[in-house]
Amino acid sequence: MKERKSEGCTKEKALQSFKVVVPTMTKQDHRLQYDISGLHSCLPALSVGMFSEGFMHGQGTYIWADGLKYEGDFVKNIPMNHGVYTWPDGSMYEGEVVNGMRNGFGMFKCSTQPVSYVGHWCQGKRHGKGSIYYNQEGTSWYEGDWVYNIKKGWGIRCYKSGNIYEGQWEDNMRHGEGKMRWLTTNEEYTGSWERGVQNGFGTHTWFLKRIPNSQYPLRNEYIGEFVNGCRHGHGKFYYASGAMYAGEWVSNKKHGMGRLTFKNGRVYEGPFFNDHIAQFPDLEVEFISYLDLPVDDAQIDRQRKSSDSAEIIRKLDGSKSRSVLGSGIELDLNVLLNMYPKENQAEEKKQVEFAVLRNITELRRIYSFYSSLGCDHSLDNTFLMTKLHFWRFLKDCKFHHHNITLADMDRILSANSDIPVEEIHSPFRTILLRTFLNYLLRLAYHIYHKDFQSRSPSLFLCFTKLMTENIHPNACQVKGTLFSEQQRTLYSMNYIDKCWEIYIAYCTPNVAPPNELTMKMRHFLWMLRDFRMINKELTATKFVAVIAEDNPFIHDGVDSNLELELVFLEFFEALLCFAVSYVPDQMNKSCLHAQYDDLFGNKIGSIQMVMSQPKIKKSLSDDKCSKMNFKPSGKGLAFLSQNEKNEKPKNDQKEKLNTWVNNMYVFFVNTLFQAYKHEELLKEKVKENRLQDAAIAQQKKMESEELEARLNILREEEAKKQDTEMDIPVIKEPGDALSSALTQSPPKEDTAMSQASKSTPSKKKRK
């Protein structure tokens, strides 16, 4: 029953305002999904809006008898496009609607519980990208992928306690690769998950309370295999004191064969049982001298009872060490001291320890400086040096100017050690402070021992000269392109894993032992040629100039030595230099806002682009300047003009950073990685073709052998038949001879048949 606003309305006005009581439309599970496809004769409902040809069409409002309300667009009685649902309890949904169901982008807010969701929907369920908040404060939330109301895919979950997980999900549980940080207990895990628990390979770190002004990394870290949340299998445990265990684990305990390196560098290798050394079953306290755990008096008493075992442990751990550096650091000088006569070894060791002690403060500062390069944050404000940092230190201090490459240094330092062959040139291998000191002593001897052959003791003279000529004047003055600026370094680190994969793929085994994989300049140039990246912007001359920038032995102005080996740092820094000059300006402008969606799908793009800079922290000086510029005072114009002057350099700097980021993206993602992928596909195709050709050749060989075998059988049968015919004479009639002469000779098969048929009468005649 309609109520018109005026009597003068004509029939041509198809759309008009209305207020009508109509039978209610069906709804199923109004909190999650709707099925509103037409009008049904149930309870009456109220509808206010526009009509067209007898249907609700256009903007309108529909209220069910139970109080559920819809405001939005209708298409022939069906809620479509955009609308707002309001439930009697106050819950609300606003967004896209298809066939009366939430479908598309929309927001839902529950009134009975502090839960709200903003994201994509499909058939009334959370599906696609979306964010859900579980409390009003916004401290508990999930942002990521959904599949019909289930967390599945990649997402970030922040818990009310502050703990946060970022990684893969399956069936509302952490499953796959992910990173979990427990802020309540200062723990962090990065690795594989299965059904919500740690399972597979990963890294678990326990951050300890940092002592003020301390230079020690106070953290325990385990890198290895997990089973049901426990350390189980093979793994390495790095203690905060510097001790390290590598071996077998069973249910969070050391069990099986293992290698324990004490904090002073001494090593025990053998079996372990129930978290203890198997040879000392009476020792109930595990290595008290180096574990950062409290020990009660009862445990100490029990340890004293096992005096023999404790004495051995104290000797291994260095509690009775006579080193001038203390029990914390004991230099591994066995390899170097063997170069000297036995009567001189004691004095050599003593003098070199004194030399290290005189420079230990400076060396700690250098170690801390280089280990923090390229690191965004650390919960304990300390960092471990990696081989990548160590290479940068060697190049800054010009170690490679003594006619020795970084690859040669790696081989020297890995000699007489337990470093696996595949990790000799790995950029991710960590280097502790004592290892750093031992490396310096080895390199000092290798570089300068010829200068002091006639003097004794001489090892400390080599180290002193290294400190005076190489380290003191050049350390902490970072060169190169990778660690030049913090913001660019953080962004460049996004490409390092993929570039390491490419580097390994194009390395070749070294001719000399230990035959590890290395890359020469020649191979690097060939790789770029295969990728079709050598062009007018990146020529072979430009290639040599970039690599020879800080190495005088590569190019002397006339000739170039392409046989020198490159470590990964030199490889990666060269690519960063190429990226700046490789991308033309017109390509730079066209790709500035293109193809960024592809970046987010890969591991490289998990971090937001630097152009928007959502995760780059402002410096304290910038914050202070911004606060000063906006102080309310009478000199507002002066502050404003000063602010404008400050904004210009900032805008220019931001524009340069955006251009650089774009060059990196175009070069690495759109060019280098695509070319590498194309080459890998070609290699796979070549392998498949070779396998197919080999299979076809094998099949042909088998067929030919089978055919040859058949022919051999036929030849043997024919030879036997010919022998039989020669033994038995056959008398022919004249007429038969004449007819055989007039007729053509039959084929071989017919001949064989005829011979077989004639053999029967000949036998009869013979009888």
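Criteria and cut-off values
- Residues numbered from 1 in each chain as written.
- Predicted model: local features only at pLDDT ≥ 70, side-chain atom pairs only at ≥ 80, totals over all residues.
- Heavy atoms only, no water.
- Helix = DSSP H or I, 4+ residues; strand = E, 2+ residues; numbered from the N terminus.
- Buried < 20%, exposed > 50% of the residue type's maximum accessible area, 1.4 Å probe, protein only.
- Contact = heavy atoms within 4.5 Å.
- Areas by Shrake-Rupley, 256 points an atom, 1.4 Å probe, with all protein chains shown as cover.
- Pairing = 2+ DSSP bridges.
- Axes fitted to C-alpha atoms, helices over the stretch in contact; angles between N-to-C directions.
- Parallel < 35°, antiparallel > 145°, perpendicular 65-115°, else oblique.
- Left-handed = near helix turned anticlockwise from the far one by under 90°.
- Nonpolar A, V, L, I, M, F, W, Y, C, P; charged D, E, K, R; others polar.
- Phe/Tyr/Trp six-rings, centres within 6.5 Å; stacked < 30°, edge-to-face > 60°.
- Lys NZ or Arg CZ within 6 Å of the ring centre and 35° of its normal.
- Polar contact = N/O pair within 3.5 Å; in protein donor to acceptor, adjacent residues only side chain to side chain.
- Core = buried A, V, L, I, M, F, W, Y, C linked by side-chain atoms within 4.5 Å.
- Salt bridge = Lys/Arg side-chain N within 4 Å of Asp/Glu carboxyl O.
- pLDDT = per-residue confidence, 0-100.

## A few points about the overall build of the protein chain
Move 1: The number of helices and strands found in the protein chain is 20 helices and 26 strands.
Move 2: Burial status across the protein chain gives 41% buried among its 767 residues.
Move 3: Pairs at least 24 apart in sequence give 44% of the contacts found in the protein chain among residues at least 6 apart.
Move 4: Approximately 43500 Å² of the protein chain is accessible, and the part contributed by carbon and sulfur atoms is 54%.

## Quick look at the pairing of strand 20 (residues 267–273)
Move 1: Relative to strand 20, strand 19 (residues 253–261) runs antiparallel, the two being bridged by 6 bridges. Each residue of the ladder has a partner; that of Thr261, found in strand 20, is Val267.
Move 2: Taken together, the 2 bridges between strand 20 and strand 21 (residues 276–277) define a ladder with antiparallel strand orientation. By the bridge assignment for strand 21, Phe272 is matched with Ile277.
Move 3: In sequence, strand 20 turns back onto strand 21 through a hairpin of 2 residues, with Asn274 there showing a positive phi of about 55°.

## A short note on the pairing of strand 14 (residues 187–194)
Move 1: Of all 8 residues that make up strand 14, 6 are buried, and the element is covered over most of its length.
Move 2: Across 7 bridges, the pairing between strand 13 (residues 173–182) and strand 14 is antiparallel. Bridge pairing links Gly176 to Trp193 in strand 14.
Move 3: The antiparallel pairing of strand 13 with strand 14 creates a hairpin that spans 4 residues between the two strands, and Asn186 there sits at a positive phi of about 55°.
Move 4: Between strand 14 and strand 15 (residues 197–207), which pair antiparallel and follow one another directly, the connecting turn spans 2 residues, one of which, Arg195, has a positive phi of 55°.

## A word on the environment of Gly265
Move 1: Within the secondary structure, Gly265 sits in the loop between strand 19 and strand 20.
Move 2: Taking the relative accessible area as the measure of exposure, Gly265 reaches 29% and is therefore partly exposed.

## Comments concerning the packing of helix 13 (residues 540–547) against helix 14 (residues 568–582)
Move 1: Packing of helix 13 against helix 14 brings their axes to within 10 Å, and their N-to-C directions diverge by 135°. As judged from the angle between their axes, helix 13 and helix 14 are oblique. The way helix 13 lies across helix 14 gives a crossing that is right-handed. Touching Lys542, Phe543, Val546 and Ile547 of helix 13 are Ala574, Cys577, Phe578 and Ser581, all from helix 14.
Move 2: Class assignment for the residues of the contact of helix 13 with helix 14 results in 6 nonpolar, 1 polar and 1 charged.

## What about the packing of aromatic side chains?
What characterises a pair of aromatic rings is the spacing of the ring centres plus the angle enclosed by the ring planes.
Move 1: All told, the structure shown has 52 aromatic pairs when counted by the stated rule.
Move 2: Here the aromatic rings of Tyr70 and Phe74 are separated by 5.2 Å at their centres, their planes lie at 90°, and the arrangement is edge-to-face. Taken individually, Tyr70 and Phe74 each receive the classification buried, so the pair is uniform in this respect.
Move 3: One Lys or Arg, Arg102, reaches over the ring of Tyr93 and ends 5.5 Å from the middle of that ring.

## Regarding the sheet that holds strand 24 (residues 508–509)
Move 1: Read across the open sheet, the 3 strands follow the order 24-25-26; overall the sheet is antiparallel. What marks the edges here is a single partner per strand, and that holds for strand 24 and strand 26 (565–566).
Move 2: Relative to strand 26, strand 25 (residues 517–520) runs antiparallel, the two sharing 2 bridges. Its bridge partner being in strand 26, Met519 is matched across the sheet by Leu566.

## With respect to the side chain of Ser140
Move 1: Mapped onto the fold, Ser140 is located in the loop between strand 9 (125–133) and strand 10 (141–147).
Move 2: A polar atom in the side chain of Ser140 sits 3.1 Å from the side chain of Arg157.
Move 3: When residues no more than four places from it in sequence are discounted, the contact partners of Ser140 are Ile132, Tyr133, Tyr134, Asn135, Arg157, Cys158, Tyr159 and Lys160.

## Here's the deal with the packing of helix 11 (residues 496–505) against helix 14
Packed helix pairs are characterised by how far apart their axes lie and by the angle those axes make with each other.
Move 1: Across the interface, helix 11 lies against helix 14 with an axial gap of 11 Å and an inter-helix angle of 115°. Crossing of helix 11 over helix 14 shows right-handed handedness. Every residue of helix 14 that contacts helix 11 at Ile496, Cys499, Trp500, Ile502 and Tyr503 is listed here: Phe568, Phe571, Phe572 and Leu575.
Move 2: Here the contact of helix 11 with helix 14 is composed, by residue class, of 9 nonpolar, no polar and no charged.

## Quick notes on the nonpolar core
Move 1: Phe393, Phe399, Phe436, Phe524 and Phe668 are the most contacted members of the largest nonpolar core, which has 108 residues in total.
Move 2: Per-element tally for this core: the top contributor is helix 18 (residues 636–727), with 12 residues.
Move 3: Those residues in contact with Phe668 that sit more than four places away from it in its chain are Tyr495, Cys499, Phe572, Leu575, Leu576, Ala579 and Phe673.
Move 4: Core analysis: the second largest hydrophobic core is formed by 36 residues, Tyr85, Tyr93, Trp169 and Tyr222 among them.

## What about unusual backbone geometry?
Move 1: Following Ser456, the chain continues to Pro457 via a peptide bond in cis, the omega torsion being -5°.
Move 2: Here Pro457 is to be found in the loop between helix 8 (433–448) and helix 9 (459–474).
Move 3: The backbone of Asn416 shows a phi angle near 55°, a positive value even though the residue is not glycine.
Move 4: Relative to the elements of secondary structure, Asn416 occurs in the loop between helix 7 (406–414) and strand 23 (430–431).
Move 5: Overall, Asn416 belongs to the exposed group, its relative accessible area being 66%.

## Topic: the pattern of salt bridges
Move 1: What the rule picks out here adds up to 24 salt bridges.
Move 2: Of the charged contacts, one joins Glu485 and Arg488 as a salt bridge, the two residues approaching to 3.6 Å between their closest N and O atoms.
Move 3: For Arg488, a relative accessible area of 22% corresponds to the partly exposed category.
Move 4: Through salt bridges with shared partners, a single ionic network connects Asp408, Arg411, Glu516 and Glu565.

## Quick notes on the confidence of the model for the protein chain
Move 1: Here the protein chain averages 74 in pLDDT, while 70% of its residues score no lower than 70.
Move 2: Considering each helix and strand of the protein chain separately, the mean pLDDT is smallest for helix 17 (residues 620–629), with a value of 33, and largest for helix 6 (residues 387–396), with 94.
Move 3: Across residues 281–310 the pLDDT falls below 50, and counting only partners more than four positions away or on other chains, this stretch makes 40 contacts in the model.

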